[in-house]
Amino acid sequence: MKGKLHPKNNITINPSRNESILDVIGRVNMKRRRFMLTTVGTSALTVLGDISLSGFLKTVAAATVPAGLGFGGIGFESIEPNLRNPDTGLLEKDLVSVPPGYTAKVLSAWGDPIMPGAPQWLPNASQNAAAQEKQVGMNHDGMHFFPLFGKTYLAQTSGLQVPLESIIHNYQGLLCVNHEYTQEQFLHPGGNAVNNTVMTIEKARKSQAAHGVSIQEISKSRFTNNWSVNRNSRYGRRITANTEMRVSGAAAGDALLKSKKFSIQPNGSFEIGINDGFTAYGTINNCANGITPWGTYLTCEENFQGYFANPNPDIVEVPGLEDKSADIRNGQRRYGIPSASNTYRWPEVDPRFDAYNNPLEPHLFGWIVEIDPYDSRSKPVKRTSMGRFRHESAQYVVDDNNHLAYYMGDDNVNEYIYKFVCSGKYNPNFRAANSNLLDEGTLYVAKFNDDGTGEWLPLVYGEGELTPENGFNSQAEVLIKTRQAGDRVGATMMDRPEWTGVRPRIGGFAEIEVYCTLTNNSRRGTDPASVNNADGTTPGGSARPPVDNANPRANNTYGHVIRWRETGRTVTATTFNWDIFVLGGDKLDPDPDRQGNINGDDFGAPDGLWFDYYGRLWIQTDQAGNGTGSYANIGSNSMLCANPNDPREVRLFLTSPTDCEVTGITTTPDHRTMFVNIQHPGDDASTDNPNSRSNWPNSQGYGPAGRPRSATVVITRDDGGIIGA
């Protein structure tokens, strides 16, 4: 998420005639590209002279994009970007817009009831934590649709071929939705830190209740084609920042996870002992997601650091861990624990989030959490073997030998890309046999070589430099200190690795091909140059690495998408080949380094990433979303569709309201209904005037006015056809 919580990127424009980075990439790629197809580039189109580049590309994009190897084609025309209106300072449309022949409707929004006894949302934000615990959470992010009838989840991301005609039910299911963070100025009637109001435990509890995951039962009328939420469903569930969870995997039970234990009550958190290392409370900053092939949901804990605070240079010594005090405090810096939590302010009233007096509590966050959406009584599980970092997403592949692997990004500038390979094989015939498959395996971190090859470096205790001499005394410690382990083995620092996406192995396409969005990096290639220290002492996001072939632009404002193919078409491979799929940019920017190499519609700050079953790649963006500065020609955040066989063939499918992010995407198994989330609309508005920037989703015809609300949008084709075809 961008919102107010992320720093703004610096803007650099260089009008010189020196060789641009696009020239360098073009020259180098001819020697090192292993699988990238070519198309007409922007440089070739500039010879058209009087014809504007953007106008020509719109004309070129008007025809249907034909199907190709493992790709079903693109059957819609690009829509116009939602640009800023100079008279109002806002975007032209306070709407979600889609192409002609498609309809976008709001399904549910922050505060809507989803379980028995839940009250209706009140526009004055006067409801308390108890109400919020039964309502949809705030600031939607990753999500997935699980059908209630028919085991059809394999068709979504695994790459396995599941005949669509075998699907039993596309009319009823469970929608699992992440809630990344809260807009405190909208959550409370009087705001929070934005106007220096008094912080209270009641505010903290409501904020904690608005985090986590919502599980909603939804269904479509066979007569009207409209979707609705069953607000009294037995499946309806809220998992919040205070929900009890089980800790499993190689780090479970370790002394570094035995934080102080609290009785969590509406009027405060009261210390009652020490946690056992197998129990945790809550999940926070749930960004992107994943699923398992056996039909469970994975929610990823991203920017957990902002909920804690430690204003001191040290920590309170933990009995039995006195010799680790300096290492624990250094770990807090490596993960970015701030001196004050100015946004949420939980540590002021909830001692559980005081990282000085409760220094082990941050170790219980930054994991992937597995949830069974079909069993509302089940306890969520934090899977520690998959590593601890600012998890952005987790996309899986089952290879031809039933080996299972997950691909993950760590969303911070200069962080790493990871792979987790399960030790056991996936059993497609017996669901229960896979219940603990994520607890044993090998975690790897990626090294991208300049020649287009790459290596998966194992993060295994006792191997290489992951030894006691270097501060790693067990596999549990390697996992709790995943970032430091990546520093030690020499992983490649990337430009904010966010969502990963796996290309389906269909239509004769057999490679294991994985994509990752690299959203931006304002510190890449800036002075003074520095890299993450091998001893893990670099504060998170503070380095200033030089450019490299995998991250080829200094002060990378527009970001790019990288991809790789596993050697031998197996997830157990320890080597891969990679290239840059596409560079984001603005073709009208005077700096050629910032023009990108997109042959269709411009975009920047790629974030959400998802392949549909037909091989179409959907890209969602996360920039400021107000149509100013570097995005004056690009406009609002958006969702685009790309052809993986032609990395510059991109079409604009959806535009959004002011100040919001477009994020989260899933479809019904038949791909005739798509769900997309809109996060933090109107984010720059004040507590006193919440609707001054946006009145969405009320402006889209949903719910009462009062304040902007994050929400899930349902997109269908008017003819009932497949989305994107």
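None of the values given here were measured: they were computed from a predicted structure. (Residues numbered from 1 in each chain as written. Predicted model: local features only at pLDDT ≥ 70, side-chain atom pairs only at ≥ 80, totals over all residues. Heavy atoms only, no water.)

(A) Geometry of the overall build of the protein chain. Helix and strand content of the protein chain: ten helices and 32 strands. Evaluated residue by residue, the protein chain yields a buried proportion of 64% over its 725 residues. A separation of at least 24 residues holds for 71% of the contacts in the protein chain among residues at least 6 apart in sequence. (Helix = DSSP H or I, 4+ residues; strand = E, 2+ residues; numbered from the N terminus. Buried < 20%, exposed > 50% of the residue type's maximum accessible area, 1.4 Å probe, protein only. Contact = heavy atoms within 4.5 Å.)

(B) Structural detail: a negative patch on the surface. On the surface, Asp314, Glu317, Glu322 and Asp323 cluster together into a negatively charged patch. Examined against the element boundaries, Asp314 turns out to sit in the loop between β12 (297-301) and α8 (325-334). (Patch = residues over 30% accessible without salt bridge, like charges linked within 9 Å, V, L, I, M, F, W, Y side chains within 5 Å. Areas by Shrake-Rupley, 256 points an atom, 1.4 Å probe, with all protein chains shown as cover. Salt bridge = Lys/Arg side-chain N within 4 Å of Asp/Glu carboxyl O. Lys, Arg positive; Asp, Glu negative; His and termini not counted. Charge placed at Lys NZ, Arg CZ, Asp CG, Glu CD.)

(C) Quick peek at the packing of aromatic side chains. This model, assessed by the stated rule, comprises 34 aromatic pairs. Between Phe76 and Trp618 the ring centres are 6.4 Å apart and the planes differ by 15°, which places this aromatic pair in the stacked class. In this pair, Phe76 is assigned in the loop between α3 (53-60) and β1 (102-109) and Trp618 in strand β27 (residues 617-621), connecting sequence segments 542 residues apart. Side by side, Phe76 and Trp618 carry an identical accessibility label, which is buried. A connected cluster of aromatic rings, assembled from ring pairs, spans Tyr307, Phe308, Tyr344, Trp346, Phe353 and Phe365. In this structure, Lys382 is placed above the aromatic ring of Phe365, and the distance from its NZ or CZ to the ring centre is 4.1 Å. (Phe/Tyr/Trp six-rings, centres within 6.5 Å; stacked < 30°, edge-to-face > 60°. Lys NZ or Arg CZ within 6 Å of the ring centre and 35° of its normal.)

(D) The environment of Asn677, seen in detail. Structurally, the position occupied by Asn677 is in strand β31 (residues 673-679). Since its relative accessible area comes to 0%, Asn677 is described here as buried. For Asn677, the contacting residues outside a window of four places in its chain are His140, Asp141, Gly142, Met143, Val177, Glu661, Val662, Thr663, Gly664, Ala711 and Thr712. Among the polar contacts listed, one links the side chain of Asn677 to the side chain of Thr712, at a separation of 2.7 Å. (Polar contact = N/O pair within 3.5 Å; in protein donor to acceptor, adjacent residues only side chain to side chain.)

(E) Seen up close, α8. Most of α8 sits out of view: seven of its ten residues are buried. Within α8, the full set of buried residues consists of Ser325, Ile328, Arg329, Asn330, Gly331, Gln332 and Arg334. Those residues of α8 that are buried lie in contact with β17 (413-415) and α10 (482-489). Just downstream of α8, Gly336 is the residue with a positive phi angle, here 85°.

(F) Local environment of the sheet that holds strand β10 (residues 279-281). Strand order across the open sheet formed by six strands is β10-β7-β14-β13-β12-β11, with mixed pairing between neighbours. In this open sheet, the two edge strands, each paired with only one partner strand, are β10 and β11 (286-291). Geometrically, the sheet is characterised by an average inter-axis angle of 35° between neighbouring strands, direction not taken into account. Judged from the four bridges that link them, β12 and strand β13 (residues 368-371) form a sheet pairing that is antiparallel. Within the sheet, the bridge partner assigned to Tyr297 lies in β13 and is Ile371. (Pairing = 2+ DSSP bridges. Axes fitted to C-alpha atoms, helices over the stretch in contact; angles between N-to-C directions.)

(G) The arrangement of the nonpolar core in detail. Ranked by size, the top nonpolar core spans 75 residues in total, and within it Trp346, Leu404 and Met408 carry the most contacts. When residues of this core are assigned to their parent elements, the largest contribution, four residues, is made by helix α9 (residues 475-480). Listed in part, the 28 residues of the second largest apolar core include Cys641, Ile665, Met674 and Ile715. (Core = buried A, V, L, I, M, F, W, Y, C linked by side-chain atoms within 4.5 Å.)

(H) Spatial organisation of α10. Of all eight residues that make up α10, seven are buried, and the element is covered over most of its length. Looking only at α10, the buried set comprises Thr482, Arg483, Gln484, Ala485, Gly486, Asp487 and Arg488. Within two residues after α10, Gly490 carries a phi angle of roughly 85°, on the positive side.

(I) Molecular detail of the sheet that holds strand β30 (residues 661-667). The strand order across the open sheet formed by four strands is β1-β32-β31-β30, and the pairing between neighbours is antiparallel. Taken across any chain shown, the strands that pair with only one partner, and hence form the sheet edges, are β1 and β30. Along the sheet, successive strands turn relative to each other by an average axial angle of 25°, direction set aside.

(J) Representation of the state of the cysteines. Following the criterion strictly, the structure yields zero disulfides and no others. Unpaired in this structure, Cys300 has its nearest cysteine sulfur neighbour in Cys287, at a distance of 8.0 Å. (Disulfide = S-S within 2.5 Å.)

(K) Broad picture of the pairing of strand β24 (residues 560-566). Most of β24 is tucked away, with seven of its seven residues classed as buried. Note: strand β23 (residues 513-518) against β24, six bridges, orientation antiparallel. When the bridges of β24 are listed, Tyr515 appears paired with Arg563.

(L) Layout of the pairing of strand β18 (residues 417-422). Most of β18 sits out of view: six of its six residues are buried. Covered by surrounding structure in β18 are Ile417, Lys419 and Val421 together with Tyr418, Phe420 and Cys422, the residues of both alternating faces. As paired elements, strand β16 (residues 404-410) and β18 share five bridges and run antiparallel to each other. Bridge assignment links Ala405 to a residue of β18, and that residue is Val421. Relative to strand β19 (residues 441-448), β18 runs antiparallel, the two sharing five bridges.

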